[in-house]
Every structure is written in structure tokens, then in C-alpha cells.
Amino acid sequence: MSRATLTSGTASLLRLHRSLIIVVLVSLAVGCAPKDGSDGAPGLPGPPGASAVGPGAPTDSGLTRDDDLPGITVTVTEVKGASGVGGTFQVGDFVTFHFTVKKDDGSDWNLDELSGRALVSGPTVNYQRVLVERTDVAATAAPVAAGVHSYTFPTAIPGSYLAPLNDTATFGAGDGEWAGTSLISGTYTLGLYFVWSFTFEEAGKRDAGSAVANFLLGTATTITPREVIGQENCNACHEDLRIHGDMRRDVRICVLCHTSGAEDKNVATAAGGTPDITIDFRVMIHKIHNGSHLPSVLGVTTMPGGDREYAATPKPYQIVGFGNSVHDFSEVAFPVWPNAALPMPRDTGYAAASATIRGLEDQVRTGVTDCEKCHGDPDGAGPFAAPAQGILAYSQPTRRACGACHDDVDFDGLYTSNGQTMPEQATDSACVLCHEISGTHLDVVDAHRHPLFDPLVNAGLHIDVTTVAEAGTNDGDGTLDPGEKISVTFGMIDDLGNSVDANQLGSFFSVVSGPTTNQNLVLYEAFPLAALPGSPPYTTFLPERIQFERVGVSTALDSNESFTSIRFPHWSVQGAATDVWVRGASIPPAPLPNLTAAAPALQNYIDVSDGGVFARNDFIVIADGTGSEEYRKIQTVEVNRLWFSSPYTANYPTALTLAHAAGETVTPVSITLVDPAGYNLDAPSGTIDEMTEFGDGEVLVSYTTDFVVPAKFGPTLNDTPTMDESWGKWAGKSLASGTYTVTLWGYRNLSVPLFGETTTYRGTSPGAAKQFLVGAATTIEPYDLISSGENCTTCHEDVFFHGGSRRGFTTCIACHGNLGAEDRAPYVAPGAPVTEVTVSFRTMLHKIHMGAELVNASNYVVNGFGSTPYPNNFTEHTYDHIEFPALPGGVRECAKCHGVGNTAWMEPSERAHPTESVIPIRAWRAVCGACHDSNAAQAHIDGQTAPSGAEACAVCHGTDREWAVERMHRSE
């Protein structure tokens, strides 16, 4: 047996960076003729002996959704034919290999049911083609033992390297191409894969299995595999990487064809021709994953003097492949945070640049920098899989690898960035002189490390909620009930375990939602940090902000009046000040607008007879002079509908506390803020003593107090009538017994001064959740639709949204897990129509990840937070460019998000309120209709729903039914 390293699943092959030792290897390369006195190259091997084992029963190739694939496991058991000393191969040797191909049950495949291919490339330091891919392996391999087969390449190892695929004069030696030069000593790789064709629900499919084996050539003595990235790294997102019609599934096979100098097909009839496009793996993979952030795609290039040009013609990143098919990667965005949303630090001149240039720079700066996701941590630690030679990505920078993403750089000219100019770079030899592994901002690790992952910038923040308990006036039964306060105890530490005081934070938030079986919003409140003095652990009540509560009438003739709020104590601290307002004289319009429809308590809007007399930020009083007055501040006007607020909008009351009948008056009023020096606040009792005469008028007070568990659910996020009870929204219904969750999170404000610019970030903690029981519930029922937030981080690594102030699955689900939650449409612009867009996870996340595959993808727009003042304080988010990377089934790979073994997603659970349901919950529509958005699919869903709203979906799609969800989502 030759000295070969035989591998089927763990060998290291991937070559993404040109090795600087190539020059040394070339200089040491020796001729491949046998030494004097040694045997010459052996002739072609004779036919092997016949196997005593006959073929097995044919494999059924017509599969249904109930069938499992038989599986293909390929193993190279031996590589033969070497004539050199110590079993090394020499030029002129014929490569023979023995192999097995087995099914998952351990039985042998009949080779006549498969197609098999084999090729040889090398050396591993810079892969070149050596033996062309043979397609006759299954047809001509001969049996040598039970289940063992032998194949010999009909062509001997040549004396020089073959040309790369689709070779032209565009690329040459400077690009690592060695075509026509003599083979050098080193490690070479045999790649072998087999493909089985079958039908799945009458659609043609392929399954494949592969193996590789490394062997030595020339005078090399030590196997040197190549694994700069590994299959595990790819499959973190792709689940089961496969390409070229599902035939190639092993990244170790990919690099054997996508060698240095390889090019796409570049035919004039496809995309008008694609000259100068290399499919060299180290270039192509970087560019594919950075598609939408490539300077070339954005129209950014470098002028002859080295300065950037922002008005170049954008060039889409397209590759022409098999059958002259055009593959456009110009909209691909690497789904790894924080870069996916939070750009790298600003470059010199950013602040002075035009808005257009800043926008282009922002796009470039949100490109791929998390090298560890594919190459592993350079220190061998961290959460990413570490390929055997992953360090080479950091220690061997090359023009090809680095220029793949930084494709505005012309290495034949000057390049200026952040006050430094890089001279011409004719070869890769000088790269490491300026770009070492780490130490300066020019070094590979430092230049690609996001500030949020830099411990010198972000020390980290972690919150641990240890207890949630009933407090205030309570019955002591261990569960929370309406009228009781919630006491929480929590600690805060940094990444090193050091205690973090609340005064170091920029913001802190609290959310209460539940029950976990049908989550609805109970509380969303920013936490006044000054209420957390000293060091953790902290024990505190949860806060609640009360806005514009009417507490009495001031009379100018009495200068010693007192007013007491309904709730107390007041949290009289910075960030939770008590504000006192006095209503002034007003001249109401004639006729006075009135309610055209009854407005129940907890509704966050009213319909009026004439909305034209109102504007954003106007103050109104409903039912003026009746004793049931209620003051509100208008957030937006939608024709004759006046919206108040969403629960998280500061300085706006969210919903009515009283019910108002149709016909009650709605009066515009003016109110005046009272100077705090004019009164004395007794915070514990909520009493305000007049020190300076308020004058005549009703007195209003806004204050923060202890949150009290309500008797009924209030409005949800951006609540509108669009998402009614049929979507699972329980606004206005009694608080149901069950498991509820307190979620806390916060962030520090961070600044990064670099290159003469300052970039700000938020060092945000993941959400810290603690579950508790409400009412008659006795057993904690965790949220189970997603088995673990780590399912998200498998691909995304981390999750940051809303300017980086929300981080991690736990924080997301605290708000977006609430049923009926909507986007910001009612609050973004005067007169903006209400849109039927829910931001509840069960609909929104399916739509986002379905993305481009939605039939109506271009119509799915979510209005979110923005960065400019009202009325444009929102951003339209579109997802028609998203393609879910899990293979083979894309979004049908439900376990990718929900978790392997999790069955909660297979059939929507009952979500009706236990005592007050009026209409059925249309749970199937909310979930299944998210992805199946075609008119026909929506009509089918509606057609299987009774006039009452009861869905009949489970009859066909329920667990164990013919068209069960889990069965119909099987991809093969």
C-alpha cells in the first residue's frame, strides 16, 4: 500500500489563500524521472480478480415523502501505483484506487445504479488540475473483494499541470496559475464522488456521496492537507451544502476544480459576456458572500492617483455556469451580525462627504468581516469551528483573496485609504510586510474585527434575572395576580465577570408578556436608570409611565391647593420626572368634533366627525366637562381617525383608560408645563402641593410609578383594528392564567474614534428572561416553538436589530412574539394608510426567510424605525432579495430554525382566550399563509375557513394526516 492519507470525511483540503512558500517549493522541485538504478514506471495494472459477491437487489428509485434516502457513503480504502521511494508517486505513474460505496444501513451499492467521477489536483499549497475528471468510474471499476472496487486512471500523471477550467489569457502566473509548468513535489488530492438519480414525488432528484484521499508526489515526505475552511463551517448556514445539480456536496471536492486561474464560461449570449471573472475558489467564494457590498457592484472604484471614485458604473457580480446559465450574486448579503446591520468604523473624510457617498460607504462597511465564521478563530478558541489550516486565512494574505472583497483596489496602481497609500503590488510577497496576523489596524485580524467584538471597545454586558415575585398588596400565593406589583432581582456583569453598575448604561428596558401559549403584551417600558443606585444585584419594582392623568382643577383664588395622583409612589428620579401641566384657555372649533363611534377602554385611537381640525402633537380632551374627561396627545392623524401611540413611544399616552360613547365631544386644548419650582412633590404619596399659583384650569400630571399587574390586556405594538382577535390578539380581554415572562435588556453607549472620525455603537446585552406564573397556573410552560435561540445563531452568529439596541432571540421574542403586533404604518406619516403587516414572529420571520420565493415578494414591506425626525422617522424594509441558505429544501428545512426533534411547529396550537373568545383564532392562516402567499393559496386557506372563522386545515394538514405539515415540508 502506498503512503497515502485516506480520508472520507475529515481530510483538510480547502485552499483559499496562496501560500507564500510556493516560491520555495518551486525552487526545490526536482525532476520526476526515476533515480539511476531504480525501477521504471510500472505499466497499466492487469484486470483484478472477479468478486465472489454478486449484485444486490435493485434500489427503489421512485421515492415518496414517506421514504428515506438510502444514503451514499464513499470511502477510498487504498491508493496504489506509486513507484517512488517510500511509496511516493512520480510523473508517469498510473493512479489506481480502491473504494467502497455503501448505504446508510451498511449494505453495498450496485455501481450500475450510480454514476461515479474521479479527478486529481494538487499540490495542496496551490491547487492545479493534474488528472482530468473521469466520468466512467462506476461503469468501468472492477470488483476486487466483497464490496470493494478498483479504478485506474487511463492517463498517467503528467509532467506539467493542466490548464484550469475555461482557461484564457486573462489570468496567469501572477494569479497563481501554473498551467504548463512542471509538477512540484508535495501533497496531491484524489477526489471521488458518486451520484444516484431518483424521483421524489415524480420530480427528478440526485443524492451524492464523496471522499478524498491525499498522497505524496516527487520527493515530498509528509502529507500536508489543506483545510482553510471546513464542511462544518459551510453547513452552519447551508445545512447540507450542494451545488451543480446536487452532484457536488463536499467543499474538499469543490477546490479540485475551482483552482487558481479557473474562469467562468464567458459566452457572449449569456449576460452579454462576463470577461475577467475567475472561479478560483478563494476569490469566488469571498465575492459571492459579499455580493451586495462589493465596491464594484456599488459603483465604487479607485482612480489612477489612488483616491476613491464613487461615480463608476456599477458592475453586477455574475457568473456564467453550466448550460450558459447566469448566476447573479449582486444582492447577496452575508447573514452574520453585527456587520449585517452595524457598519465597521467610518473612514477618513466620511463626515464631510455627501449623503450619496456616505450611503455607498455604509454599504461597503456592512460587508463581510467576520472571517471566523468560515475560517475559525485565529487563536483556536471562540464559537466557530476551526478548520485545520484556518490560520492561513490570517497569516497568508494575497491579492486574490483580499482583492475579492476589496475589489476597488487596482494592485497595478496606487491605493489610498485613511491617509495611507499602498504602492503597486506586482506579487503577493510584500503583503505580509504590512498585513500581519494582528497588532495594528492594518493587520488581518484587527482590520476585520468589528468593534463590538473588540474587548478594548466593548467590555460586554450580561444580565441575570434571579427572581420574579409578587409584591405590594398581594395574597402571598406565589403567583402574580391583577392588582399586584412585580418585584425583580437581577445582576449585571461584563464578559470577564466584573460587576456592572446601572449608571454605566445608556438605556435599560423591561417587557412583560404572556402567556407563553399565546403571547400578548402586558408591559413595555424604558427603565429609569437613576432608580437603580449603587451596585448590583438590584431588587426593584417594574416601572410604568402614566401620561396626562387628570388630578383636579386649580382655582386662581386658592394658592394652597393640593392634587394627588391615582397611582403612587412617584419615581422622582432623573429619567422619571413628574411633570405637572395646567390646561389653559382654548377656543374650540365650531361645530365641535365628536366621536362617530364608541371608543372602549384600552383602545389607542378614536374616530371623529372632523379630523381636519387636528394635527400631530395636539392635545385633546374627550367628554369635556362631564366628569369623565380624558386627555390625550395625538401622535398622528389618519383622515378622521386620531391615533395616540404604541406602547413604546415616549411622551405619548398609549390608550384610553375610560370607555367613551359615540357622540361625546373631542376638544382641542392647550396645556402649559408648570415650572417644578412652583410646586412640591411628595413622591411616596403622589401628592403635589401648589407653591406658586397654577391659575385657573384643570391640572394634569405625568409620572412614573410601580407597575401593577392589570386586569386586562392592553394594546399591542402599533396596535390597529387590522389585526383582530382572529390573529390571536387579546387586547381588552381579561388577563389569562398561565406562564408569563419578564425580559430585561440594556446597553452602553460606545464611541470609536478612528481615522479622524467617530463611529458610535451600542454595547447591548442579550435579553435576560425569567418566567413566572399568573393566576391559577401551577406549572411553568416554556415557549417551545423555537427550541433554542442558538438555532438562530448557528447561521447569524448573533442578532442585532433596531440600531443595535436589541440583541438576541430572547429580546426579539419579548416583543415580536406578541400576537397582533404590527409595523409602524399608523405612526409614520400624516394620512398614511393602515397596512395589514404584522410583525409577530410566526408571520414575519417566515416571510423574511422566504424572501425572494414569496409569490408576492415585492409587496412585502415592513415599516420600521428610522433615523430622521417625524414624519419620516421610519425605514421601509424589503426582503425580496433574501434566499434562505439551508439546503436542499430552503425554507422547507423547518428544523433549521425550530430545532431538530422539535414538533411544536408541526401543527398550530389552539390560541383562543380561555373564557372570553368571541371569534376563532385563524392560526393556520397566520403561519402557513405567511409563506404560501399566492392568490390561489390564500383563496384555498379562506375556502377552508368557515364563515365563523373556524379553520378546517387540520383535517388534511394535521399531524399524521395525508398532507401533514411535516410531511409536505420534506424536501427529499
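Basis of the calculations
- Residues numbered from 1 in each chain as written.
- Predicted model: local features only at pLDDT ≥ 70, side-chain atom pairs only at ≥ 80, totals over all residues.
- Heavy atoms only, no water.
- Phe/Tyr/Trp six-rings, centres within 6.5 Å; stacked < 30°, edge-to-face > 60°.
- Helix = DSSP H or I, 4+ residues; strand = E, 2+ residues; numbered from the N terminus.
- Buried < 20%, exposed > 50% of the residue type's maximum accessible area, 1.4 Å probe, protein only.
- Contact = heavy atoms within 4.5 Å.
- Polar contact = N/O pair within 3.5 Å; in protein donor to acceptor, adjacent residues only side chain to side chain.
- Lys, Arg positive; Asp, Glu negative; His and termini not counted.
- Salt bridge = Lys/Arg side-chain N within 4 Å of Asp/Glu carboxyl O.
- Arc of directions from axis to C-beta.
- Pairing = 2+ DSSP bridges.
- Axes fitted to C-alpha atoms, helices over the stretch in contact; angles between N-to-C directions.
- Core = buried A, V, L, I, M, F, W, Y, C linked by side-chain atoms within 4.5 Å.
- Disulfide = S-S within 2.5 Å.
- Parallel < 35°, antiparallel > 145°, perpendicular 65-115°, else oblique.
- Left-handed = near helix turned anticlockwise from the far one by under 90°.
- Nonpolar A, V, L, I, M, F, W, Y, C, P; charged D, E, K, R; others polar.
- pLDDT = per-residue confidence, 0-100.

A word on the packing of aromatic side chains. Following the criterion strictly, the structure yields 31 aromatic pairs and no others. Ring centres of tyrosine 161 and tryptophan 178 lie 5.7 Å apart, and the angle between their planes is 50 degrees; on these two criteria the pair is classed as tilted. With tyrosine 161 in the loop between strand 8 (148-152) and strand 9 (186-200) and tryptophan 178 in the loop between strand 8 and strand 9, the pair connects residues that are 17 residues apart, well separated along the chain. Residue classification places tryptophan 178 among the buried positions, given a relative accessible area of 8%. Summarising the aromatic geometry, the rings of phenylalanine 508 and phenylalanine 527 are spaced 5.5 Å apart at their centres and angled 75 degrees between planes, so their arrangement reads as edge-to-face.

On to the environment of tyrosine 860, then. Among the structural elements, tyrosine 860 can be located in the loop between helix 15 (841-850) and strand 40 (861-865). Contact partners of tyrosine 860, with chain neighbours within four places excluded, come to Val837, Thr838, Met844, Lys847, Ile848, Leu854, His877, Thr878 and Tyr879.

Before going further, it helps to examine the environment of serine 121. Mapped onto the fold, serine 121 is located in strand 5 (residues 115-122). Sequence separation between serine 121 and threonine 278 is 157 residues; the distance between their C-alpha atoms is 18 Å. When sequence neighbours within four positions are dropped, the list of residues in contact with serine 121 reads Tyr127, Gln128, Arg129, Val130, Tyr188, Thr189, Leu256 and Thr259. For serine 121, the side chain forms a polar contact with the main-chain oxygen of leucine 256, separated by 2.7 Å.

With that settled, the discussion passes to the side chain of glutamate 893. On the secondary structure map, glutamate 893 appears in the loop between strand 41 (874-878) and helix 16 (895-898). In this structure, glutamate 893 is buried with no salt-bridge partner, the nearest side chain bearing the opposite charge being arginine 892 at 6.7 Å. Within the structure, the side chain of glutamate 893 is placed 3.0 Å from the backbone nitrogen of glycine 889, a separation counted as a polar contact.

The next point concerns the pattern of salt bridges. All told, the structure shown has 37 salt bridges when counted by the stated rule. Residue arginine 134 is joined to aspartate 136 by a salt bridge in which the shortest nitrogen-to-oxygen separation is 3.3 Å. Judged by its relative accessible area of 26%, arginine 134 is partly exposed. Residue glutamate 544 pairs with arginine 567 through a salt bridge whose shortest N-O separation is 2.8 Å. Residue glutamate 544 is found in strand 22 (residues 543-554), and its partner arginine 567 is found in the loop between strand 23 (562-564) and strand 24 (579-583); the two are separated by 23 residues along the sequence. Arginine 567 sits in the partly exposed class, given a relative accessible area of 22%.

Buried within helix 7 (residues 355-365) we find Leu360, Glu361 and Arg365. Taken down its axis, helix 7 places every buried residue within 135 degrees of arc, on the same side. Set apart from the buried face of helix 7 by more than 90 degrees, the exposed residues are Ala355 and Thr356. Residues of helix 7 that are buried make contact with helix 6 (295-298) and strand 12 (308-309).

As a further point, take the sheet that holds strand 8. Taken in spatial order, the four strands make up an open sheet running 3-4-8-7, and their pairing is antiparallel. Both edges of this open sheet fall to strand 3 (73-80) and strand 7 (142-145), since each of them pairs with a single strand only. Within the sheet, the average angular offset between the axes of one strand and its neighbour, ignoring direction, is 35 degrees. Summarising the sheet, strand 3 and strand 4 (residues 96-102) pair through seven bridges and their orientation is antiparallel.

On to the nonpolar core, then. Within the largest apolar cluster, 38 residues are counted, with the highest numbers of intra-cluster contacts made by Phe97, Phe99, Leu190 and Phe194. Of all elements in the fold, only strand 3, strand 4, strand 5, strand 6 (128-134), helix 2 (137-140), strand 9 and strand 10 (203-217) reach the threshold of two or more residues within this core. It is strand 9 that contributes the most residues to this core, seven residues altogether. If near-sequence neighbours (up to four positions away) are discounted, leucine 190 is found in contact with Val76, Val79, Phe97, Ala118, Leu119, Val120, Phe153, Ala211, Val212, Ala213, Phe215 and Leu256.

Taken in spatial order, the three strands line up as 27-26-30 in an open sheet, and their pairing is antiparallel. Pairing within the sheet leaves two strands with one partner each, and these edge strands are strand 27 (630-633) and strand 30 (666-669). Neighbour-to-neighbour, the strand axes of this sheet turn through a mean angle of 30 degrees, independent of strand direction. Pairing between strand 26 (residues 619-622) and strand 30: four bridges, direction antiparallel. Following the sheet pairing, isoleucine 622 is matched in strand 30 by valine 666.

Among the structural elements, threonine 741 can be located in strand 35 (residues 738-754). If we ignore the near neighbours within four places in the chain, the residues touching threonine 741 are Val511, Val512, Ser513, Thr516, Ala769, Lys770, Gln771 and Phe772.

Our next topic: the state of the cysteines. Per the stated rule, a full pass over the model turns up zero disulfides. For cysteine 405, which is in no disulfide, the shortest distance to another cysteine sulfur is to cysteine 371 and amounts to 8.2 Å. Since its relative accessible area comes to 14%, cysteine 405 is described here as buried. Free cysteine: cysteine 434, not disulfide-bonded; nearest cysteine sulfur from cysteine 431 at 9.0 Å. A residue is classified by how much of its surface remains accessible, and cysteine 434, at 46% relative accessible area, is partly exposed.

On a regular strand, each side chain points to the face opposite its neighbour's, so the side chains alternate between the two faces of the sheet. Pairing of strand 5 with strand 6, which is carried by four bridges, proceeds in the antiparallel orientation. Residue pairing across strands places glycine 122 opposite glutamine 128, the latter belonging to strand 6. Hairpin connection between strand 5 and strand 6: a loop of five residues separates the two successive antiparallel strands.

Viewed as axis vectors pointing N to C, helix 15 and helix 17 (residues 923-931) meet at an angle of 10 degrees, and their least axial separation amounts to 7 Å. The angle between helix 15 and helix 17 places the two elements in the roughly parallel class. Two packed elements cross with a definite hand, and for helix 15 against helix 17 that hand is right-handed. In this structure, helix 15 uses Arg842, Thr843, His846, Lys847 and Met850 to contact helix 17, whose residues at the interface are Ala923, Ala926, Val927, Gly929, Ala930 and Cys931. The residue makeup of the contact of helix 15 with helix 17, split by class, is six nonpolar, three polar and two charged.

Turning our eyes to something else, we now look at the confidence of the model for the chain. Residues of the chain with pLDDT of at least 70 account for 92%, and the chain-wide mean is 91. Low pLDDT, under 50, characterises residues 1-54; the predicted model gives this stretch 140 contacts beyond four residues in sequence or across chains.

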